Amino acid sequence: MRAVLCERYGPFDDLVLAEVPSPELRPGTVRLQVLAAGVNYVDNLIVGGRYQVKTPTPFVPGFEFVGRIIELADDVARDAPHLSVGARVLALSGGGGFAEEVVVPAHIVTIVPDGITDGQAATFVQSYMTAAFALRHRAGAERDDSLLVIGAGSGVGLAAVDVAASMRMRVIAAASTEEKRRLALDRGAEVAFDVNSESITTDIRELMAADGKDGVDHVYDPVGGDRAETWLRCLATGGQYLVVGFVAGIPSLPLNHVLLRNRRVTGVDWGGWSARQPAENAALLNELVHQISIGRLRPVEPTAYPLDRTVDALRDLAERRASGKLVVIP
Ligand SMILES: NC(=O)c1ccc[n+]([C@@H]2O[C@H](COP(=O)([O-])OP(=O)(O)OC[C@H]3O[C@@H](n4cnc5c(N)ncnc54)[C@H](OP(=O)(O)O)[C@@H]3O)[C@@H](O)[C@H]2O)c1
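Residues numbered from 1 in each chain as written. Predicted model: local features only at pLDDT ≥ 70, side-chain atom pairs only at ≥ 80, totals over all residues. Heavy atoms only, no water.

With that settled, the discussion passes to the overall build of the protein chain. A count of helical and extended segments in the protein chain gives twelve helices and 15 strands. A globule of 330 residues ought to have a C-alpha radius of gyration of about 20 Å, and the protein chain, at 20 Å, matches this closely. With the C-alpha coordinates aligned to their principal axes, the bounding extent of the protein chain is approximately 65 × 40 × 35 Å. Taken across its 330 residues, the protein chain has 55% of its residues classed as buried. For the protein chain, long-range pairs separated by at least 24 residues make up 68% of all intrachain contacts whose partners lie at least 6 apart in sequence. Here the protein chain carries 33 positive and 41 negative side-chain charges, and the mean point of each set is 4 Å from the other. (Helix = DSSP H or I, 4+ residues; strand = E, 2+ residues; numbered from the N terminus. Rg over C-alpha atoms; globule rule 2.2 N^0.38 Å. Buried < 20%, exposed > 50% of the residue type's maximum accessible area, 1.4 Å probe, protein only. Contact = heavy atoms within 4.5 Å. Lys, Arg positive; Asp, Glu negative; His and termini not counted. Charge placed at Lys NZ, Arg CZ, Asp CG, Glu CD.)

Take a look at the structure:
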């Protein structure tokens, strides 16, 4: 089969498209024909050897995917009657998705209902689970709370816009391009600001002041970097800064601005939580799958790249050109 191979940790340009044997089917596993594999910022960290969990090289990256079951181990065929050849399933695993076939433990796959496209199924799990976990479990966010989302036109930011809008929160989006802002507005943001605009903090404060508020209730920040202090200062009295990611670098936050107005800074580690609370995580995933299948949540249809352009997809994401989500189609 054809697969994208990470032979040693390094820049994603070093990934190679190779002809490799299909992985071995072991007890407890199923073989999938990969239909689509999501491209995430974390892939970049994984192939660079900069992710907290290190996969031994050589390996096939791509940890989020949808596929059709083409073979089941004997024990799975016997013990898991809900799984059969031909079933369309999604999985989030340690890797293997940027390939024509992947073998995964049967217990990690979820049947994909008809109302969800291959592109959505391959790209929503990480971003929507992070957003739902952050807003419900960590923030305790409620209807009518205001939420400022940074990086609101792609990945976990855009998912947060959709999840928050479905909770009837007031969503203020910040993104760098017209296309990203349009996506955020389309998913329910009430207003979308150019993240690079010099007047963005004044604009946000004026917007909230019109409602008698001294800032926003929550900031959802998957970007970090130098601007983090700016977003912290946008928080209202009692407001909460959700630390989600650091694509622009790990920021330092001035604690005097946390103390002032009784603000809070809250860490969001969906991966850690999901490993420690598998039953709650599975319940949340099932709920999101249902909400997407009935159109209550609407992950964007991703931009598709063929397998031999996986590196281009990773580059477009890293260089901030990706609006919405990206997917590799083997
Ligand atoms: N905490 C958790 O549990 C959790 C779970 C999943 C992912 N994450 C983290 O969330 C972060 C975002 O992941 P993602 O998949 O959503 O990424 P993504 O799709 O690439 O989106 C990141 C956005 O960040 C903005 N950005 C600002 N400065 C940037 C820079 N220097 N380089 C690249 N992008 C920049 C861009 O939006 P604009 O162009 O609009 O500014 C870009 O669209 C990552 O750090 C990831 O590790 C955290």
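So that's the structure; there's more coming.
Mapped onto the secondary structure, Glu280 falls in helix H11 (residues 278-293). Those residues in contact with Glu280, other than ones at most four positions away along the chain, are His137 and Trp273.

Around the ligand lies a shell of 25 residues, among which Ser154, Val156, Ser176, Lys180 and Val268 are the nearest. Lys180 is positioned such that a nitrogen or oxygen atom in its side chain is 2.8 Å from an oxygen atom of the ligand. Notes on the ligand: free accessible area 920 Å², of which the protein chains cover 88%. Viewed by domain, the shell around the ligand spans two of them, domain 1 (2-124 + 299-329) and domain 2 (126-269), each represented by three or more residues. (Near = heavy atom within 4 Å. Polar contact = N/O pair within 3.5 Å; in protein donor to acceptor, adjacent residues only side chain to side chain. Areas by Shrake-Rupley, 256 points an atom, 1.4 Å probe, with all protein chains shown as cover. Domains from an automatic or database assignment.)

What follows deals with the environment of Asp118. With respect to the element layout, Asp118 can be found in helix H3 (residues 118-123). Given the relative accessible area of 29%, Asp118 is considered partly exposed. Note: C-alpha distance between Asp118 and Glu301 (183 residues apart in sequence) is 9.0 Å. Not counting chain neighbours up to four residues away, the residues in contact with Asp118 comprise Leu35, Ala36, Val66 and Arg88.

On to the nonpolar core. Grouped together as the largest cluster of nonpolar side chains are 48 residues, with contacts concentrated most on Phe124, Leu135, Val149, Val163 and Tyr220. Among the elements of the structure, strand S3 (29-39), H3, helix H4 (125-138), strand S8 (146-150), helix H5 (155-166), strand S9 (170-175), helix H10 (270-276) and H11 are those that each provide at least two residues to this core. When residues of this core are assigned to their parent elements, the largest contribution, eight residues, is made by H4. Discounting chain neighbours no more than four positions away, the residues touching Val163 are Tyr128, Ala131, Ala132, Leu135 and Leu297. Counting residues in hydrophobic clusters, the runner-up holds 44 residues, among them Ala3, Val34, Ala99 and Ala322. (Core = buried A, V, L, I, M, F, W, Y, C linked by side-chain atoms within 4.5 Å.)

This part covers the sheet that holds strand S12 (residues 235-243). Strand order in the open sheet formed by six strands is S10-S9-S8-S11-S12-S13, with parallel pairing between adjacent strands. Across the chains shown, the open sheet's two edge strands, defined by having one partner strand only, are strand S10 (191-194) and strand S13 (264-267). On average, each strand axis in the sheet is tilted by 20° relative to the strand beside it, whichever way the strands run. In the sheet, strand S11 (residues 216-221) pairs with S12 via five bridges, with the strands oriented parallel. Following the sheet pairing, Tyr220 is matched in S12 by Leu242. Across the sheet, helix H7 (residues 200-209) lies against S8, S9, S10 and S11, angled at about 170° from S9, the strand it touches most. (Pairing = 2+ DSSP bridges. Axes fitted to C-alpha atoms, helices over the stretch in contact; angles between N-to-C directions.)

To continue, consider the side chain of Ser127. Counting through the fold element by element, Ser127 comes out in helix H4. Engagement of the side chain of Ser127 in a polar contact is seen with the backbone oxygen of Phe124, the distance being 3.4 Å. Those residues in contact with Ser127 that lie beyond four places of it in its chain are Gly155, Val156, Ala159 and Lys325.

Once the domains are mapped, the protein chain shows domain 1 (2-124 + 299-329) and domain 2 (126-269). Tallying the contact residues gives 15 residues for domain 1 and 19 residues for domain 2. For the pair domain 1 and domain 2, the summed buried surface comes to about 1200 Å²; carbon and sulfur atoms form 50% of the total. The largest share of the area that domain 1 buries against domain 2 comes from Phe124, Arg320 and Ser323, three residues that together contribute 37% of it. (Buried area = accessible area lost by both parts, 1.4 Å probe.)

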